[in-house]
Amino acid sequence: MTTPHSSQATPAAIAFLVASSACFVSLDLSAQALVGAAAAGVVSVWLVVFARYAVQALATAVVLLPRRGMAAFTTAHPKFQLMRGALLTATSLLGMMGLKHMPVAEFTAIVMLTPLVVTVLAVRFLREHMRPIQWLFLVASLAGALVVARPSGAVFGWWLLYPVASLCCYSVFQLLTRRLAQTEDPLVMHLYTGLVGTATMSLALPWAWAPLTGSQLALLVSVGVWGTVGHYLLIQAFKRAPASALAPFLYVQVLLAVVGGWLIFSRVPDAVTFLGIGLIVLGGVASAWAQTRR
């Protein structure tokens, strides 16, 4: 956990990042199998989000508490930890509502605008510098998002507000994480997000609970497992390489989402959607490359 990282992405860091992306796509696919149109709304989104954070809180507590005791809850910024947990919970809730209506590939493509939005927010609030060429790449990615959404076509719907709102919450979450990570233990942050998500979603549990079949229960647990393991692997990746060096590899998640949607749900984006996804990925990778060069 204390391995120093260089200024370049190491093979180990890339492997951890790709593995975490596979976990996040598996989470989305499992969630869509539970709450998507084909699931007929039997399983509540609120219940799925509760399971996602309950598993994370339990797993992190099992690892940390025997080693650190009550010191596992020690933080210099409890208010920011709670805010960060609330933002990630909102991200998950809005995201899974979006997955009820959107294919995983298109949903993932829109959410992949997050690194660019974080960059813009960092310029505004953290006073980081953004080169003119990066603004061009940002415009290209935004154009790709419009192509995916197609505001004047049949793909567009009010439910697109869900991934956009999820994107906004996750961008602020990432910005707050960048500030807290300078002084806070990543695993303590991981514990707090799990606890906040579990506590928040448990309030809706009496209304969200419904009898589950064995396969539904297995999928429900898998959502929590994929999320917990994915975030742990992401921590390991960023322990070994800086964000700017790893950013281009984040977009492998879009490719995995396309493949996963095809294998599980037999859904393949059409040519126009592929064009939009390509613009988002190209803009993001090029922006990350420009940031690394700087």
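All values reported here derive from a predicted model rather than from experimental measurement. (Residues numbered from 1 in each chain as written. Predicted model: local features only at pLDDT ≥ 70, side-chain atom pairs only at ≥ 80, totals over all residues. Heavy atoms only, no water.)

Colleague: How would you explain the overall build of the protein if you had to name every residue and give the values?
Modeller: The number of helices and strands found in the protein is 13 helices and zero strands. Going from N to C terminus, the protein has its helices and strands arranged as α-α-α-α-α-α-α-α-α-α-α-α-α. For the protein, with 294 residues in total, the buried portion stands at 49%. Here the protein displays about 13,900 Å² of accessible surface, and carbon together with sulfur accounts for 72% of that area. (Helix = DSSP H or I, 4+ residues; strand = E, 2+ residues; numbered from the N terminus. Buried < 20%, exposed > 50% of the residue type's maximum accessible area, 1.4 Å probe, protein only. Areas by Shrake-Rupley, 256 points an atom, 1.4 Å probe, with all protein chains shown as cover.)

Colleague: Please set out helix 2 (residues 45-68) residue by residue, giving values where relevant.
Modeller: The terminal C-alpha atoms of helix 2, which comprises 24 residues, lie 34 Å apart, in line with the 34 Å expected from a rise of 1.5 Å per residue. Largest kink in helix 2: about 30 degrees, centred on Ala61. In the stretch just after helix 2, Gly69 is the one whose phi turns positive, near 65 degrees. (Expected span 1.5 Å × (residues − 1). Bend = angle between axes of the 7 residues up to and from the residue.)

Colleague: Lay out helix 4 (residues 104-111) with the relevant residues and their values.
Modeller: In terms of burial, helix 4 is largely enclosed, as eight of its eight residues are buried. All of the buried residues along helix 4 are Val104, Ala105, Glu106, Phe107, Thr108, Ala109, Ile110 and Val111.

Colleague: Lay out the pattern of salt bridges in plain terms, naming residues and giving numbers.
Modeller: Taken as a whole and assessed by the stated rule, the structure comprises one salt bridge. For Arg68, the salt bridge identified is with Asp185, shortest N-O distance 2.6 Å. One end of the pair, Arg68, is in helix 2; the other, Asp185, is in the loop between helix 7 (161-180) and helix 8 (186-202), with 117 residues separating them in the sequence. For Arg68, a relative accessible area of 29% puts it in the partly exposed group. (Salt bridge = Lys/Arg side-chain N within 4 Å of Asp/Glu carboxyl O.)

Colleague: Would you mind going over the packing of helix 5 (residues 114-125) against helix 7 in detail, with residue names and values included?
Modeller: Axis separation between helix 5 and helix 7 bottoms out at 9 Å; the angle between their running directions is 55 degrees. Our classification of the angle between helix 5 and helix 7 gives oblique. Crossing hand, helix 5 versus helix 7: right-handed. Contacts from Thr114, Val117, Val118, Leu121, Ala122 and Phe125 of helix 5 reach helix 7 at Leu167, Tyr170, Ser171, Val172, Gln174, Leu175 and Arg178. Looking at the contact of helix 5 with helix 7 residue by residue, the class counts come to nine nonpolar, three polar and one charged. (Axes fitted to C-alpha atoms, helices over the stretch in contact; angles between N-to-C directions. Parallel < 35°, antiparallel > 145°, perpendicular 65-115°, else oblique. Left-handed = near helix turned anticlockwise from the far one by under 90°. Contact = heavy atoms within 4.5 Å. Nonpolar A, V, L, I, M, F, W, Y, C, P; charged D, E, K, R; others polar.)

Colleague: Go over the packing of aromatic side chains with me, naming the residues and quoting the values.
Modeller: With the rule as written, the count across this model stands at one aromatic pair. Judged by centre distance (5.4 Å) and plane angle (15 degrees), the rings of Tyr170 and Phe173 are stacked. With Tyr170 and Phe173 both in helix 7, this residue pair falls three residues apart, about one helical turn. Its relative accessible area of 17% is what places Tyr170 among the buried residues. By relative accessible area, Phe173 is classed as buried at 4%. Here Arg52 stacks its cationic end above the ring of Tyr53, 4.3 Å away from the centre of that ring. (Phe/Tyr/Trp six-rings, centres within 6.5 Å; stacked < 30°, edge-to-face > 60°. Lys NZ or Arg CZ within 6 Å of the ring centre and 35° of its normal.)

Colleague: Describe the nonpolar core, listing the residues and the values that go with them.
Modeller: Formed by 59 residues in total, the largest nonpolar core has its most connected members in Leu34, Val45, Val48, Val49, Met96 and Ile280. With nine residues, the top contributor of residues to this core is helix 1 (residues 11-35). Each residue touching Val45, except ones within four places of it in the same chain, is listed here: Val35, Leu93, Met96, Met97 and Lys100. If you look at the next biggest cluster of nonpolar residues, it comprises six residues, including Ala61, Leu64, Ala72 and Ile235. (Core = buried A, V, L, I, M, F, W, Y, C linked by side-chain atoms within 4.5 Å.)

Colleague: How would you sum up the environment of Phe249? Please name residues and give values.
Modeller: With respect to the helices, strands and loops of the structure, Phe249 is situated in the loop between helix 11 (243-246) and helix 12 (252-265). Since its relative accessible area comes to 32%, Phe249 is described here as partly exposed. Between the C-alpha atom of Phe249 and that of Ala15, which follows or precedes it by 234 residues, the distance is 9.7 Å.

Colleague: Outline unusual backbone geometry, listing residues and values.
Modeller: For Ser266, which is not glycine, the phi dihedral falls at a positive 55 degrees. Note on placement: Ser266 falls in the loop between helix 12 and helix 13 (271-293).

Colleague: Help me get a handle on the side chain of Asp28, residues and values and all.
Modeller: Examined against the element boundaries, Asp28 turns out to sit in helix 1. The side chain of Asp28 is buried and forms no salt bridge, while Arg52, the nearest opposite charge, is found at 8.7 Å. Excluding its chain neighbours within four sequence positions, the residues that come into contact with Asp28 are Leu99, Val104, Phe107 and Thr108. (Lys, Arg positive; Asp, Glu negative; His and termini not counted.)

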